Amino acid sequence: MSKLELLRIENLSKRYYNKTALNDINLSIEKGKIYGLLGPNGSGKTTLMKIIAGLHKQTAGNVLISGEPLSYKTKAVISYMPTENYMYGEFKVKQVVKFYKDMYEDFQEDTALKILNDIKVDTEFKISKLSSGLIGKLKVALTLSRNTEFYMLDEPLNGVDVLSRDVIIDLITKSYNENKTIIISTHLVSEIEKILDSVIFLKDGNIELHGDAEELRSAKGMSVEGLYKEVFRNA
Ligand code: ADP
């Protein structure tokens, strides 16, 4: 294992009944980078993230985090944001913040409250009263307020208006430093490609392409978005 490697995936497959969601995937993720896990709906992004986060069990293959097989220990060091709204509608934002504080030892309440104030999320509001843009921003703010080295955000831009998308991208950029690794899944490539160091194209459960974003742009003479359209045109 290289010193730079955070995550190693070996021959990973996941089948749901007769549907193959991930097909013998091999992948190495380095520390200190922002990765885009790109592919249209149904390509296997959520399945892959949930396996890494320890929420789904693979059908075959291995996942190693800093050389350790998946366990409650690896699960605890990943700050994972699911794509769905998992917050109880009757809770106020401040109760969700308290829930995070109780749940995660590494949660930095002060950081979270400062971010929520900066992005104008009122902590007295009930979750059920928030717009989808505010929900999106809140989820990302909470996920990034954990002090850990590995973050996975599943479709953080989905169902979120354009202005909120900019706020979310800004939050990710500001939270990042060279000790942190962030994997972001999305099918909305144009807005986010500027912050991605590395991209992984997932197509029908297979890794179609994996590489450094800048190198791909210069080798192929087009943006990551252009490449995405080419790879997935007939998907
Ligand atoms: P993405 O996140 O890229 O949209 P998913 O990982 O959600 O992709 O889904 C990959 C494939 O696995 C899809 O064809 C989806 O229908 C299927 N799938 C996902 N979850 C289940 C499940 N619980 N039961 C059966 N099929 C599933």
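What counts as what
Residues numbered from 1 in each chain as written. Predicted model: local features only at pLDDT ≥ 70, side-chain atom pairs only at ≥ 80, totals over all residues. Heavy atoms only, no water. Pairing = 2+ DSSP bridges. Helix = DSSP H or I, 4+ residues; strand = E, 2+ residues; numbered from the N terminus. Contact = heavy atoms within 4.5 Å. Axes fitted to C-alpha atoms, helices over the stretch in contact; angles between N-to-C directions. Buried < 20%, exposed > 50% of the residue type's maximum accessible area, 1.4 Å probe, protein only. Core = buried A, V, L, I, M, F, W, Y, C linked by side-chain atoms within 4.5 Å.

1. Remarks on the sheet that holds strand β4 (residues 60-65)
Then comes step 1: The four strands are arranged β2-β1-β4-β5 in an open sheet whose pairing can be described as antiparallel. With partners counted over all chains shown, the strands left at the sheet margins are β2 (19-30) and β5 (68-69), one partner each.
Then comes step 2: In the sheet, strand β1 (residues 5-16) pairs with β4 via five bridges, with the strands oriented antiparallel. Each bridged residue has a counterpart across the sheet, and for R8 the counterpart in β4 is L64.
Then comes step 3: Of the strands in this sheet, β1, β2 and β4 are in contact with helix α1 (residues 45-52), which crosses β1 at around 120°.

2. Structural notes on unusual backbone geometry
Then comes step 1: At Y17, a position not held by glycine, the phi torsion is positive, near 50°.
Then comes step 2: Y17 sits in the exposed class, given a relative accessible area of 83%.
Then comes step 3: In this model, K120 sits at a positive phi of 60°, which is unusual for a non-glycine residue.
Then comes step 4: The topology assignment puts K120 in the loop between α4 (109-118) and α5 (132-144).

3. Points about the side chain of K45
Then comes step 1: Relative to the helices and strands, K45 is located in helix α1.
Then comes step 2: Of the residues examined, K45 reaches a relative accessible area of 5% and is grouped as buried.
Then comes step 3: Excluding anything up to four places from it in sequence, K45 contacts L37, L38, G39, P40, E155, S185, T186 and L202.

4. Some thoughts on the nonpolar core
Then comes step 1: One finds I172, I184 and F201 to be the most contacted residues of the largest nonpolar core, which totals 46 residues.
Then comes step 2: When residues in this core are grouped by element, the largest group, six residues, is from α5.
Then comes step 3: Apart from the residues within four sequence positions on either side, I184 is in contact with I34, Y35, G36, L37, M49, L153, P156, I172, I192, I195 and L196.
Then comes step 4: Counting 24 residues, the second largest nonpolar core, distinct from the first, contains L12, L27, Y35 and I183.

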